[in-house]
Amino acid sequence: MHAPPATGTAMPRSVAVLMDPIGSIKIAKDTTFALLLEAQRRGHRLHYMEQGDLALRDGAPWARLRPLSVKDDPAGWYTLGEARWTDLREIGTVLLRKDPPVDAQFVYDTLVMDVAQRDGVQVVNDPRALRDCNEKVFAMHFPQCMAPTLVARDPAELRRFVAEHGDAVLKPLDGMGGRGIFRVQSGDKNLNSMLETLLVGDSHGHGRHFAMAQKFIPQISAGDKRILMIDGEPIPYALARIPQGDEFRGNLAAGGRGEGVPLSDRDRWIAAEIGPELRRRGLRFVGLDVIGDYLTEINVTSPTCARELDKQFGLNIAGLLFDALETRSA
């Protein structure tokens, strides 16, 4: 897959977005905003909604939509019109772009979107896939791409994993932006406290939540690479999110520095291993996280880094996605 031109020759249509509050985004880094700018450039009519704006009425999907216009101006990047309840079957495309976690309420949102999709609305990403593909656990469908990894509720099993590998990263299954991630080495006296935080153990010491443990990958010093995938094919550049100072996390939200890099042969191999399953599940726009030679996560809910890659390499990733969406819906 190559960069521009992204033409946008399809007939204008209605595009609705379900996202976190637009007034609080950082437009210089927000991929959802890039998608909205591109849709508007192509003449599509934009509509905005948040989680509380969905409903099912007598088996039909409805949403309280507000007309939206956007501009690439940090002094004022959006204008919203008056909200109106609308049958979602009148909308051509819905972009589901809420940040993790995929909690119970977002699961219910995807059930509404199932009905919309059944009735002909193009929903991106596929709502069933959003329910099925937890961003940590889904990566374990591809063990050939991963470093040693354990997902468990049992603190004893997680302790054994740390002891076996000597240096590990612990993380919750529903986090984002580096939140709740710990690096721990064998013998660390804080390990039990870390596990209690992640597992939310009950009074008997039994964990109620799953956690993931991964062998620490020293190549994190060169960056946690985000590889964006459109219809199972990779953008030819990744954004390496490089930890700063004493921080081991590369996430931009945790202070990492983003540096664009060409995909390596190993990156392309990982993308080729995963791409067919993404296409099969209707995961049109996805972000793979790769450290060194290893896949660590598959981001399906609201993958980011498009604006940074666009700026560094003269790309139009949102345009490439809309080319694909318009081709499929033509």
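Heads up: these notes are all about the structure in this document. Just so it is clear, the model here is predicted, and its values are computed rather than measured.

**Description of unusual backbone geometry**
Thinking step 1. Of note, the bond from Pro-100 into Pro-101 is cis; its omega dihedral lies within 30 degrees of zero at 10 degrees.
Thinking step 2. By secondary structure assignment, the location of Pro-101 is in the loop between strand E7 (93–97) and helix H2 (104–118).
Thinking step 3. For the bond running from Val-124 to Asn-125, omega is 0 degrees, close enough to zero to count as cis.
Thinking step 4. Note on placement: Asn-125 falls in the loop between strand E8 (122–124) and helix H3 (127–132).
Thinking step 5. At Asp-58, a residue that is not glycine, the phi angle is positive and equals roughly 50 degrees.
Thinking step 6. Within the secondary structure, Asp-58 is located in the loop between strand E3 (54–57) and strand E4 (60–70).
Thinking step 7. One non-glycine residue, Asp-231, adopts positive backbone phi at about 50 degrees.
Thinking step 8. With respect to the helices and strands, the residue Asp-231 is situated in the loop between strand E13 (224–230) and strand E14 (233–234).
Thinking step 9. Of the residues examined, Asp-231 reaches a relative accessible area of 18% and is grouped as buried.

**Here we look at the layout of surface pockets**
Thinking step 1. Of the volumes computed, that of the second largest pocket is approximately 410 Å³.
Thinking step 2. Taken together, 25 residues line the second largest pocket, and the ones lying closest to its centre are Pro-101, Val-102, Asn-134, Leu-173 and Asp-174.
Thinking step 3. The biggest single contributor to the lining of the second largest pocket is H3, with three residues.
Thinking step 4. Split into classes, the residues belonging to the lining of the second largest pocket amount to 12 nonpolar, five polar and eight charged.

**With respect to the pattern of salt bridges**
Thinking step 1. Overall, the coordinates contain 24 salt bridges when judged by the stated rule.
Thinking step 2. Where Asp-53 meets Arg-64, a salt bridge forms, and the shortest distance between an N and an O atom there is 2.9 Å. One end of the pair, Asp-53, is in the loop between strand E2 (45–49) and E3; the other, Arg-64, is in strand E4, and 11 residues separate them in sequence.
Thinking step 3. Asp-53 gets classed as buried once you look at its relative accessible area, which sits at 12%.
Thinking step 4. Looking at Arg-64, the relative accessible area reads 32%, which means it is partly exposed.
Thinking step 5. Between Glu-259 and Arg-257 there is a salt bridge whose closest N-O contact spans 2.9 Å.
Thinking step 6. Looking at Arg-257, the relative accessible area reads 39%, which means it is partly exposed.
Thinking step 7. The structure contains a network of salt bridges with shared partners spanning Glu-38, Arg-41, Arg-42, Asp-323 and Glu-326.

Parameters at a glance
Residues numbered from 1 in each chain as written. Predicted model: local features only at pLDDT ≥ 70, side-chain atom pairs only at ≥ 80, totals over all residues. Heavy atoms only, no water. Helix = DSSP H or I, 4+ residues; strand = E, 2+ residues; numbered from the N terminus. Buried < 20%, exposed > 50% of the residue type's maximum accessible area, 1.4 Å probe, protein only. 1 Å grid on protein atoms, 1.4 Å probe; cavity = no way out; pocket = protein on both sides within 12 Å on 5 of 7 lines; lining within 4 Å. Points joined across faces, edges and corners; volume = space filled by probe spheres on them. Nonpolar A, V, L, I, M, F, W, Y, C, P; charged D, E, K, R; others polar. Salt bridge = Lys/Arg side-chain N within 4 Å of Asp/Glu carboxyl O.

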